[in-house]
Each structure stands twice: as C-alpha cells, then as structure tokens.
Amino acid sequence: MSKKFHAIAIDGPAGAGKSTMAKRIAKELGYVYVDTGAIYRTVGYYVWLCGIGGRDVDGVTRLIDEVNISIEYPEDGLQHMILNGKDVTGEIRTPEMSSYASQVSAHKCVRDFLLDTQRELARTHNVVMDGRDIGTVVLPDAEVKIFLTASPEVRARRRYIELQEKGVSDSYEKVLADMKQRDLQDSTRPIAPLKQAKDAVLLDTSSMTLEESVEAIKSIVEEKLAK
Ligand code: DC
C-alpha cells in the first residue's frame, strides 16, 4: 500500500518571501522544504559555465543531458545543490544567476528535465515546495496552495537589503528593474508561466511584517490541512 504524503505549494513572483515562509512552515510541520528555484538556478549556472547564453535554446538543449543535479539536506538546514558532483549552493545566488535561471527556465527541455525530479520528491516526502508553477503544473493536487505576492517596490526593497547583507552593491533601482524584468519573463513565457492556480489562496504581504505573514500562512495551512 502506498503512503499518501502531504504537499503545500507556495508560488509567487521573485522576492515575495516564498522561501522564508516555506522554510518556517516546513520546520514547524516537520516537512521537507523544496526550493525549486534553486534547481533552475543550478541549470542556469551550468549553462553559464559552458559559455552559452540562457536564451540560446539550441545551446541549452545540447547541454541539458550533461547536467546531473542532486539535492542534499545536511545538518545546516540549507538545501544544498550538487551539480555534477560539486556543491554550487553559494554560486547560484548571484543576481546574474537569477537572470540566467529565469532565461533557461523558459525552455521546454529544461522544464521537462526537472519535472520528474520535483514530483518524485513529493511522491516520497511531505513537502513544502516553492516556485512559480508548483500549484498549477508540478503538484496540481497539492492540499494547500498559496500564491504569495507583494508590490514590486516592497519586494525589491526586501531583495536589496538581502543583497546588501551579502556584500552585493547593486542599487535599489537596479534590483527593482531586474525584478520587474524577471517577473515579466516568468509570467509571459508560453510554458508553465507564473500564475495563480484557480484553487490557490492569494496572500499579499505588502503591508505585513514577517511575523504577520508567517501567522497568515500558518492559519491558511492549518485550515486547509484540517479539511
Ligand atoms: O525562486 P527563484 O527566484 O530562485 O527562481 C529563479 C528562477 O527560476 C525564476 O526567475 C524562474 C525560475 N523558476 C521557474 O521557472 N519555476 C519554478 N518552479 C521555480 C523557479
């Protein structure tokens, strides 16, 4: 008899706080947190390493079979991304890799390549998975679906502070422009675009503190899982 695992899908645009929220909920429930953006970033990083442009569909298609990705969850609580045997968890977090991830994620070969990996994790674990198409495409039967958003200015401000803390000196204006460009790319691509699933609960955290957002998500999750 197969055991039924629970799935919580959190989708939304860049900088909406998906990973912070998803991590907190996963910890409280004892579920595995799956950051699907990190998987796309890892593919983007490989394409970049090979000197191929992210929009070059032929180049990316040629490379995709060389990509071997595994995900590890060591004690530090971080989701470690292993690309062809090397830990690239830090390397994929730059603004350039955000842009590469968004570009390569538009290609069908990349989405097809990663779909099974994501579904397999949900087949074998209780998961909180965040991304762009989790509620719509990857896990359409997830018991809880949340579409997390905030105004572009609020999201850019949060991302700007995060980057500053990491020593990246991009201006707020650049962070905002990059974010708008990425949202446009992610929501207008033909395959699995960023959009709210019909049965997802919309949560706009523009005027909420972090703790208020966590509480709001917790009450959505509790209500849905109780059904
Ligand atoms: O969540 P993130 O910012 O780390 O994601 C990086 C890019 O990966 C994002 O701009 C689009 C792509 N992505 C996707 O297409 N589908 C997902 N489920 C997650 C991320």
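Since the model is a prediction, treat every value here as computed from it, not as a measurement.

What to know about the nonpolar core
- Counting 37 residues, the largest nonpolar core has V43, V47, I69, M81, V110, M129 and L139 as its most contacted members.
- No other element matches the 7 residues that helix α2 (residues 36-49) contributes to this core.
- L139 has contacts with A7, A122, V127, M129, I134 and K145, leaving out every residue within four places of it along the chain.
- Formed by 19 residues, the second largest nonpolar core is a distinct cluster that contains I10, A16, I25 and V214.

Some remarks on the site of the ligand
- Lining the immediate surroundings of the ligand are 15 residues, of which R41, R111, R182, D186 and R189 lie closest.
- R132 places a polar side-chain atom, nitrogen or oxygen, 2.9 Å from an oxygen atom of the ligand.
- A total of 440 Å² of accessible area belongs to the ligand in isolation, and the protein chains cover 96% of it.
- Elements represented by at least two residues in the shell around the ligand include exactly α2, α4 (95-104) and α8 (172-188).
- Per element, the largest residue contribution to the shell around the ligand is 4 residues, and it comes from α2.

A short note on the packing of aromatic side chains
- Across all of its chains, the model carries 2 aromatic pairs by this definition.
- Taking the centre distance of 5.7 Å and the plane angle of 20 degrees together, the rings of Y45 and W48 count as stacked. In this pair, Y45 and W48 both sit in helix α2, 3 residues apart, roughly one turn of the helix.
- In this structure Y45 comes out as buried when scored by relative accessible area, which is 9%.
- Pairing Y160 with Y172 gives two aromatic rings, centres 6.2 Å apart and planes at 85 degrees, and the pair type is edge-to-face. Of this pair, Y160 sits in helix α7 (residues 152-165) while Y172 sits in helix α8, placing them 12 residues apart in sequence.
- Just above the ring of Y172 sits the side chain of R157; from NZ or CZ to the centre is 4.1 Å.

A look at the environment of I8
- Here I8 lies in strand β1 (residues 7-11).
- Residue I8 is classed as buried on the basis of its relative accessible area, which comes to 0%.
- On a C-alpha basis, the gap between I8 and I146 in space is 8.0 Å, while along the polypeptide they are 138 residues apart.
- Contacts of I8, omitting those with residues within four sequence positions, involve I25, L29, Y31, V127, V128, M129, V144 and V221.

Conventions we followed
Residues numbered from 1 in each chain as written. Predicted model: local features only at pLDDT ≥ 70, side-chain atom pairs only at ≥ 80, totals over all residues. Heavy atoms only, no water. Core = buried A, V, L, I, M, F, W, Y, C linked by side-chain atoms within 4.5 Å. Buried < 20%, exposed > 50% of the residue type's maximum accessible area, 1.4 Å probe, protein only. Helix = DSSP H or I, 4+ residues; strand = E, 2+ residues; numbered from the N terminus. Contact = heavy atoms within 4.5 Å. Near = heavy atom within 4 Å. Polar contact = N/O pair within 3.5 Å; in protein donor to acceptor, adjacent residues only side chain to side chain. Areas by Shrake-Rupley, 256 points an atom, 1.4 Å probe, with all protein chains shown as cover. Phe/Tyr/Trp six-rings, centres within 6.5 Å; stacked < 30°, edge-to-face > 60°. Lys NZ or Arg CZ within 6 Å of the ring centre and 35° of its normal.

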